[in-house]
Amino acid sequence: MKKPHLNIKLSEPLQPHIFLIMLLAGVISAIGVTMFLAPVHLYDSAISGTSMLLWQITPPQFTFSLFLIVLNVPLFLFGLRKQGAVFTIYSVWAVIVFSVASHIFEDVLPIDVSAGSPFAGDDVLLCALFGGLICGIGSGLTVRFGGAIDGIEVLAVIFARQLGLTVGTFIMIYNIILYTIIGCVFQSWILPMYSVLTYCVAVKAIDFITEGLDKAKSAMIVTSYPEEISNSLSAAFGTGITHIDARGFYSGRETTIVYFVVNRFQIARLKRIVTDIDKNAFITITEVSDVLGRSVKKSH
């Protein structure tokens, strides 16, 4: 009788450079926690923050690095079917690097963190800001390149919709509960409130890393001169344009919507081009969370 075995199918090949990026992300996150947050008793968010709490209230042999592995890896394996094998492998690797790097910074390298941060001393505000920023950069890198460094994100993806919540709301509720428990355990609300500041800075850093400063914008232009506007936009920006047939609700008149994607620095120029051709054009501009594919001007 054959023994059952785990059959993991990869939806896409693993890429060596992604492992290097996850290695960098894990080291960056470890720097944020061990060099800025932990020395002044601030807390990271989600499972990392939970690991810090358990580390502080348990015997010395139960380390932060140990709790990172014990709490995170089962969550990623739990979400294997939902998230896929590639995501899980990258994420587990990032968590292992995070854990090992944290151990090295705390116990191997000759860095004294007992009296405060090696960089910011005992300034809690600086530690909260820079700790959140650095941890956010580490988390953002893992997310941008197809992984995660905290297992709570997996739980959020699986259970948030069932609870009628967004993923962001699920994670926020978890963190509120975590910081409330920390306040109750230590009978102090100052450090938990600073930790909330850390979380807010980290979220902004994650958004910056995953989406960038130059966020894409989509423009929908309702105009009576679609060809002229499209030719001008295409000549100015060198990208493809989509025409969408439409009909006015009140007038019943057939019209055309010009759909175009630009970055935030090109919006003013787009408006000038459109209004120079059609002063009555109706323009809406919305933020695009991501852009896949590449549409370029067709050469003749």
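Preceding block: the structure.
Residues numbered from 1 in each chain as written. Predicted model: local features only at pLDDT ≥ 70, side-chain atom pairs only at ≥ 80, totals over all residues. Heavy atoms only, no water.

Asks: So what exactly am I meant to see when it comes to the packing of helix H6 (residues 124-144) against helix H9 (residues 190-211) here?
Replies: Two packed helices can be described by the angle between their axes and the distance between those axes. Following both chains from N to C, one finds H6 and H9 inclined at 35 degrees, their axes separated by 7 Å at the closest point. Note that H6 runs across H9; the crossing there is right-handed. (Axes fitted to C-alpha atoms, helices over the stretch in contact; angles between N-to-C directions. Helix = DSSP H or I, 4+ residues; strand = E, 2+ residues; numbered from the N terminus. Left-handed = near helix turned anticlockwise from the far one by under 90°.)

Asks: Would you mind going over the sheet that holds strand E1 (residues 216-223) with me for this structure?
Replies: Note on sheets: strands pair through backbone hydrogen bonds, and any given pair is parallel or antiparallel. One open sheet holds the four strands; their spatial order is E2-E3-E1-E4, and the pairing between them is antiparallel. Edge positions in the sheet fall to strand E2 (242-247) and strand E4 (282-287), since each has one partner strand and no second. Neighbour-to-neighbour, the strand axes of the sheet open up by a mean angle of 25 degrees, direction not taken into account. Both E2 and strand E3 (residues 254-263) contribute to a ladder of six bridges, which runs antiparallel. (Pairing = 2+ DSSP bridges.)

Asks: So what exactly am I meant to see when it comes to the packing of aromatic side chains here?
Replies: Each aromatic ring pair is characterised by the separation of its centres together with the angle its planes make. Counting across every chain of the model gives 12 aromatic pairs. Between phenylalanine 36 and phenylalanine 119, the ring centres sit 5.4 Å apart and the planes meet at 10 degrees, which makes this aromatic pair stacked. Taken as a pair, phenylalanine 36 in helix H1 (residues 16-37) and phenylalanine 119 in the loop between helix H5 (85-108) and H6 lie far apart in primary sequence, 83 residues in all. Overall, the relative accessible area of 7% leaves phenylalanine 36 in the buried class. Assessed through its relative accessible area of 60%, phenylalanine 119 is described here as exposed. With 5.0 Å between their ring centres and 75 degrees between their planes, phenylalanine 249 and tyrosine 250 make a pair best called edge-to-face. Looking at phenylalanine 249, the relative accessible area reads 73%, which means it is exposed. Grouped by ring-pair contacts, the aromatic residues Phe19, Tyr90 and Trp93 constitute a single cluster. Positioned above the aromatic ring of phenylalanine 237, the side-chain terminus of arginine 269 is 5.2 Å from the ring centre. (Phe/Tyr/Trp six-rings, centres within 6.5 Å; stacked < 30°, edge-to-face > 60°. Buried < 20%, exposed > 50% of the residue type's maximum accessible area, 1.4 Å probe, protein only. Lys NZ or Arg CZ within 6 Å of the ring centre and 35° of its normal.)

Asks: How should the environment of aspartate 122 be read in this particular structure?
Replies: For aspartate 122, the position within the fold is in the loop between H5 and H6. Relative accessible area serves as the criterion here: at 62%, aspartate 122 is assigned to the exposed category. Along the primary structure aspartate 122 and glutamine 162 are separated by 40 residues, whereas in three dimensions their C-alpha atoms are 43 Å apart.

Asks: Would you mind showing me how to read a nonpolar patch on the surface here?
Replies: The grouping of Leu20, Leu23, Trp93, Ile96, Val100, Ile104, Val108 and Leu109 at the surface amounts to a nonpolar patch, some 640 Å² of accessible area in total. For the nonpolar patch, the secondary-structure elements that each account for two or more residues are H1 and H5. Take the nonpolar patch: its biggest share by element is five residues, from H5. A residue is classified by how much of its surface remains accessible, and valine 108, at 54% relative accessible area, is exposed. (Patch = residues over 30% accessible without salt bridge, like charges linked within 9 Å, V, L, I, M, F, W, Y side chains within 5 Å. Areas by Shrake-Rupley, 256 points an atom, 1.4 Å probe, with all protein chains shown as cover. Salt bridge = Lys/Arg side-chain N within 4 Å of Asp/Glu carboxyl O.)

Treat this as a map of the structure, not an account of what it does.
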